[in-house]
Each structure stands twice: as C-alpha cells, then as structure tokens.
Amino acid sequence: MAQWTSTVGAAQLARQLRAQQPRPLLSGSRKPPAYRALADGVRLLVLEGRVPVAARLPAERELALVLSLSRTTVAAAYEALRTEGFLESRRGAGSWTAVPAGNPLPARGLEPLPPEALGSMIDLGCASLPAPEPWLTRAVRGALEELPPYAHTHGDYPAGLPALRRTIADRYTGQGIPTMPEQIMVTTGAMGAIDAICHLFAGRGERIAVESPSYANILQLMREAGARLVPVAMEEGLGGWDMNRWRQVLRDTAPRLAYVVADFHNPTGALADERRRRALVEAARSAGTVLVVDETMNELRLDPLDMPRRVCAFDPAGSTVLTVGSASKAFWAGMRIGWVRAAPDVIRSLVAARAYADMGTPVLEQLAVNWLMGTGGWEEAVALRRDQARENRDALVGAVRRELPEWEFEVPHGGLTLWVRTGGISGSRLAVAGERVGVRVPSGPRFGVDGAFEGYVRLPFTVAGPVADEAAVRLAAAAELVVSGASAGAETPRTFVA
C-alpha cells in the first residue's frame, strides 16, 4: 500500500523551486553543488508547508527533464533528502515527502500562535488585535439582556437573526446603497461567508481569479475546495488593481468567481480608487464573473483621506457583486460574525445550501454585534481600534526602518498589514530562522500562487513600543542567520497567518 496521500507534478514542483531566491553567499564562499541546492529547495518547500507532507514527488527522470538537470543530480538530491529524513521511498511506490522523527508536521491550516506561547515568541503571523474594551464586555452584557426571548425558540437562524439582518441592511442604506434585510445573510465570520459562496458558485475545477498577492487563508480555502486559482498581479506600491490585467484575465479565462479586497488590501494595504472599482464591476459583468468583494478592512482607515464608495455601490442590486463584511478585523477576531450582501435570490440559495454545513451563527454573538451597531458602541469601538492600529503601525515602521534599512515598503493609509520586500533575502528562509530567534513571521509565498513573492514578508500592526523594537531586532537577527547560512538547521516552522 502506498504511503503517499497526494502528488506533486514535475512542472508544479519546478515552478515552486524556480520561484525561490537562492540564499545569499558569504564573501569567499563557494556555490553549493547542484544536487545540494535542489535538496535544500525541496526541503524548504516542505518546511514551509507549500509541498505537503506525504506528497509523492515526481520520478527522478521526469524531474531531471523539466529542470534540465542530469538524472544523477536529481538522484543525489533525493538521496540527501532521504538521509535527512525529508523523503521516504519504496520500490514500486515511488518517493514521498516526510519530516524527520520528532519534528512537528507543518500545519496546512493557518492559525494564530497559542496564547500560552506569547511569552517567548513575538507573533507577527496574526493580523488581529485584542478586544477594544470596555466595548466587548458591554456588548456581551447587552446581548444577555436581549437573549431571553430567543432562548424560548429553537435557536437556528440559517439566514441570521432578523434584527441583525435589518441593522446591517440599514447601515448600507445609510451609506447610500439601498439594501433590504432579504439581501443579507449573517455568517460565522468572513471565512464562513466566502466558503459558502465558493461552494455555491465554484465547484471543483472551476476557475477563480484572485489578486496576486492575496489573503493567504482565502487562497488556502479555495485550494481545499478544488478551485483553479488564476492570479492577477497587483500594481506596484499602493495603487491597487491593474485594470488592463484584470480585463485580460476576465476576458480570456472567464472565471466563475473573482475575489478581491478593495479596501486596505491584505497583505499590501492598497486602496482601490473609484475609477478602478467601477471598471472592475463592468468587466466582471461583461465576462459573466461573480465578483466577491471582501470588506473586512473597510473601516480601518488610519490616516485622513476621503474613502471611495463601496464596490457594491456600482452594482446596487447585487447581481454581480457579492459583498462580504465582518466584525473580526474592525472589532475583534473572537467575535466570529460576518455577513454577505447580495441579491435576494442569491441569499436564498446560500441559506438553502448552508443547511448542510454549519446551520447558523451563534445567537449570543449576533445579539452582541447588533447591540454594538444599534447603540453607537460600534463606532466608538472602531475608533479605539483605529487609534491602536495607527500607533502600532508607526512604531513598527520606525523600528523596521532603523534595524533593517535595506528592506523596502510603502506605508499604507489603513488596514493592519505592511508588505515588505526583504532586500533579496528569502522570505521562506526568514520564516524558518525567525522561529529560532523568537519571532514568527509569514513569508511572501503564503500570499501567492505557486511560490510567488519569495522576496517578501508580511508584518501586521499588532505590536507597539518596546515589543515593536524587539520584533525588529529579532527580524534583523533572523536575516543575519539566513545570510550566514545558519538557518539551515532550524526547526520545522509553524508560520500561520490571519
């Protein structure tokens, strides 16, 4: 019986290997032999979780042909990986990836660091902040006061509590986008909303156009659903979407869905202007593509500027644009309340399909969000969140510029993330080295398709003051380890993002 559970094609593996940046060489040091470079590249892909454990690798002859290497070189690389515990083989079954005994498996899920580990590790993997008290406590107390009538019911509301659906609809209407409660479905976070949309609109093998880079958790969700991701490169800096590329992709590939973050994009922080928003809606409508717009960062404007109209303002009926919102980033990640705004018939279909998934969203949390939005508490809590994120952003930017002046980035006007070019150092190797020096950071390839963005890392605005200073010091130490080659013996990384 074969020991592998998935396969990695020769062409796919070659793309991922070629996307890696070589480790910088010390002055006077020699370039490693080809077999060693190949073995190190495969090992790094396994450590990063981008090639799964127990994945069958291509045959030696097949990989040698694609990489333009001799079969002897590939055979030597495979043997080195077997010796180090990163490959297992059996005659007739092939070779499959592994991790050395005693090492934790690279997680495929993307989770925050456990709270008990925060004392020894600075976590830059999770772009989430502590709850803005006292508003969480007040919201829960308000929800408890409203709970008794609901406790006498079955408690299942697949479309969401009617009161919260009405409140969310009224907020859109108040912003000049007429919305009925029938156009709203409450979900278990934004992830629950997008998962439901993908299952309804994009079956296994369907194309989904995504920004490149894009939000790592959503990319993984879509991969797990069997989607064929079509990356569309972002403009350089904070400009946002490259509309010529979007028009070409939508025209040539006709994806079933397109997923975008228009407001303070995760990870780049870009903000799409109204011209691009209108143009993308028109292009999606022409191509017959459903445009999924993630607005989880919409309220996190950190600098004075005029915000463009929401994307759904250019498709008020919701026939082309499906809008996803959430309380997780603007309020607290522990408040797992999200929503979808769409045409009523789409909402009915989503609700019907949901009966076979999670049934509904917790009533108490819905009541808490409804209390916040109905009392003005939401606006005050979000104002606290903005102040904290702005302070954290400024502290982190200053610390990174001081400790790592060769790193390049543009400071976004909102959101929770900084997208950083690491001066030619591999982001994947930085993630590995960071584990050794006490800082967890997600590498750029987490946010790309097929190994793109090796020269980047994402830094969230989650630390301030002395902790931000120490995080930058540790990042600088990790960079030194990478340059010296000392990161090669690091433990298996567990770099998770949110």
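Residues numbered from 1 in each chain as written. Predicted model: local features only at pLDDT ≥ 70, side-chain atom pairs only at ≥ 80, totals over all residues. Heavy atoms only, no water.

## Regarding the overall build of the protein
When you go through the protein residue by residue, the secondary structure sums to 16 helices and 15 strands. The burial tally for the protein puts 55% of its 498 residues in the buried class. Residue pairs at least 24 apart in sequence account for 76% of intrachain contacts in the protein once pairs closer than 6 positions are excluded. Of the roughly 20500 Å² of accessible surface on the protein, 52% is carried by carbon and sulfur atoms. (Helix = DSSP H or I, 4+ residues; strand = E, 2+ residues; numbered from the N terminus. Buried < 20%, exposed > 50% of the residue type's maximum accessible area, 1.4 Å probe, protein only. Contact = heavy atoms within 4.5 Å. Areas by Shrake-Rupley, 256 points an atom, 1.4 Å probe, with all protein chains shown as cover.)

## Things to note about the sheet that holds strand S11 (residues 321–326)
The sheet built from 7 strands is open, its strands ordered S6-S12-S11-S10-S9-S7-S8 with mixed pairing. In this open sheet, the two edge strands, each paired with only one partner strand, are strand S6 (184–187) and strand S8 (228–233). Mean inter-strand twist for the sheet, computed between neighbouring axes without regard to direction, equals 20 degrees. The pairing of strand S7 (residues 207–212) with S8 spans 6 bridges and is classified as parallel. In the sheet register, valine 210 faces S8, and the bridge partner there is proline 231. (Pairing = 2+ DSSP bridges. Axes fitted to C-alpha atoms, helices over the stretch in contact; angles between N-to-C directions.)

## Looking at the packing of aromatic side chains
Overall, the coordinates contain 6 aromatic pairs when judged by the stated rule. Ring centres 4.9 Å apart and planes at 10 degrees place the aromatic pair tryptophan 419 and tyrosine 456 in the stacked group. Residue tryptophan 419 is found in strand S13 (residues 417–421), and its partner tyrosine 456 is found in strand S15 (residues 456–460); the two are separated by 37 residues along the sequence. Taken as a pair, tryptophan 419 and tyrosine 456 share a single burial class, namely buried. (Phe/Tyr/Trp six-rings, centres within 6.5 Å; stacked < 30°, edge-to-face > 60°.)

## Digging into the packing of helix H3 (residues 60–67) against helix H4 (residues 71–84)
Where H3 contacts H4, the two axes come as close as 8 Å, and the packing angle between them is 120 degrees. Taken as axis vectors, H3 and H4 run oblique relative to one another. By crossing handedness, the relation of H3 to H4 is classed as right-handed. Facing Glu60, Arg61, Leu63 and Ala64 of H3, the residues of H4 in contact are Arg71, Val74, Ala75, Tyr78 and Arg82. (Parallel < 35°, antiparallel > 145°, perpendicular 65-115°, else oblique. Left-handed = near helix turned anticlockwise from the far one by under 90°.)

## What about the pairing of strand S4 (residues 94–97)?
Across 4 bridges, strand S3 (residues 87–90) lies against S4 in antiparallel orientation. Within the sheet, the bridge partner assigned to glutamate 88 lies in S4 and is tryptophan 96.

## Describing the side chain of threonine 167
Tracing the backbone shows threonine 167 in helix H7 (residues 162–174). Separated by 3.0 Å, the side chain of threonine 167 and the backbone oxygen of alanine 163 make a polar contact. At 2.6 Å, the side chain of threonine 167 and the side chain of asparagine 370 are in polar contact. Once residues within four sequence positions are removed from consideration, threonine 167 is found in contact with Asn370 and Met373. (Polar contact = N/O pair within 3.5 Å; in protein donor to acceptor, adjacent residues only side chain to side chain.)

## A look at the pairing of strand S12 (residues 338–341)
In S12, alternate side chains face the same way, and those of Gly338 and Val340 on one face and Trp339 and Arg341 on the other are all buried. By the bridge criterion, 4 bridges tie S6 to S12 in an arrangement that is antiparallel. Residue pairing across strands places methionine 185 opposite valine 340, the latter belonging to S12. Looking at chain direction, S11 and S12 are connected through 4 bridges and run antiparallel. From the neighbouring strand, valine 324 faces S12, where its bridge partner is valine 340.

## Notes on the environment of glutamate 470
Turning to its location among the elements, glutamate 470 is positioned in helix H16 (residues 465–484). The class of glutamate 470 is partly exposed, set by a relative accessible area of 32%. Expressed as a C-alpha distance, the spacing of glutamate 470 and leucine 396, which sit 74 residues apart in the sequence, is 9.9 Å.

## Some points on the nonpolar core
Core analysis: the biggest nonpolar cluster contains 53 residues, and Trp241, Trp246, Leu291 and Phe331 have the highest contact counts within it. Among the elements that line this core, the one with the most residues is helix H13 (residues 363–375), at 6 residues. Counting 38 residues, the second largest nonpolar core, distinct from the first, contains Leu129, Leu302, Ala468 and Ala471. (Core = buried A, V, L, I, M, F, W, Y, C linked by side-chain atoms within 4.5 Å.)

## Topic: the pattern of salt bridges
It is possible for side chains of opposite charge to pair when their charged atoms get near one another. In the structure shown here, the tally under the stated rule is 24 salt bridges. Of the charged contacts in the structure, one is a salt bridge between arginine 310 and glutamate 295, with a shortest N-O distance of 2.3 Å. Of the two residues, arginine 310 is situated in the loop between strand S10 (290–294) and S11 and glutamate 295 in the loop between S10 and S11; the sequence distance between them amounts to 15 residues. When the shortest N-O distance is used, the salt bridge between glutamate 435 and arginine 440 registers 3.8 Å. Take glutamate 435 and arginine 440: they sit in the same class, and that class is buried. (Salt bridge = Lys/Arg side-chain N within 4 Å of Asp/Glu carboxyl O.)

## A look at the side chain of glutamate 295
Judged by relative accessible area, which is 5%, glutamate 295 ranks as buried. Within polar-contact distance, the side chain of glutamate 295 engages the side chain of arginine 310 at 2.3 Å.

## Topic: unusual backbone geometry
In this structure, the amide linkage connecting glutamate 133 to the following residue, proline 134, adopts the cis form with an omega of 10 degrees. Cis geometry marks the peptide bond from serine 212 to proline 213, where omega comes out at 10 degrees. Mapped onto the elements of the fold, proline 213 is located in the loop between S7 and helix H9 (216–224). The phi dihedral of alanine 254 is positive, around 45 degrees, even though this residue is not glycine. We classify alanine 254 as partly exposed; its relative accessible area is 48%. Positive phi, close to 50 degrees, is recorded for phenylalanine 264, a residue that is not glycine.

## Notes on the confidence of the model for the protein
Across the protein, the average pLDDT comes to 88, with 89% of residues at or above 70. Here residues 104–110 is a poorly scored stretch, pLDDT under 50, and it has 23 contacts once near neighbours within four places are set aside; other chains count. Every residue in residues 488–497 scores below 50 in pLDDT, and together they form 43 contacts with partners more than four places removed in sequence or on other chains. (pLDDT = per-residue confidence, 0-100.)

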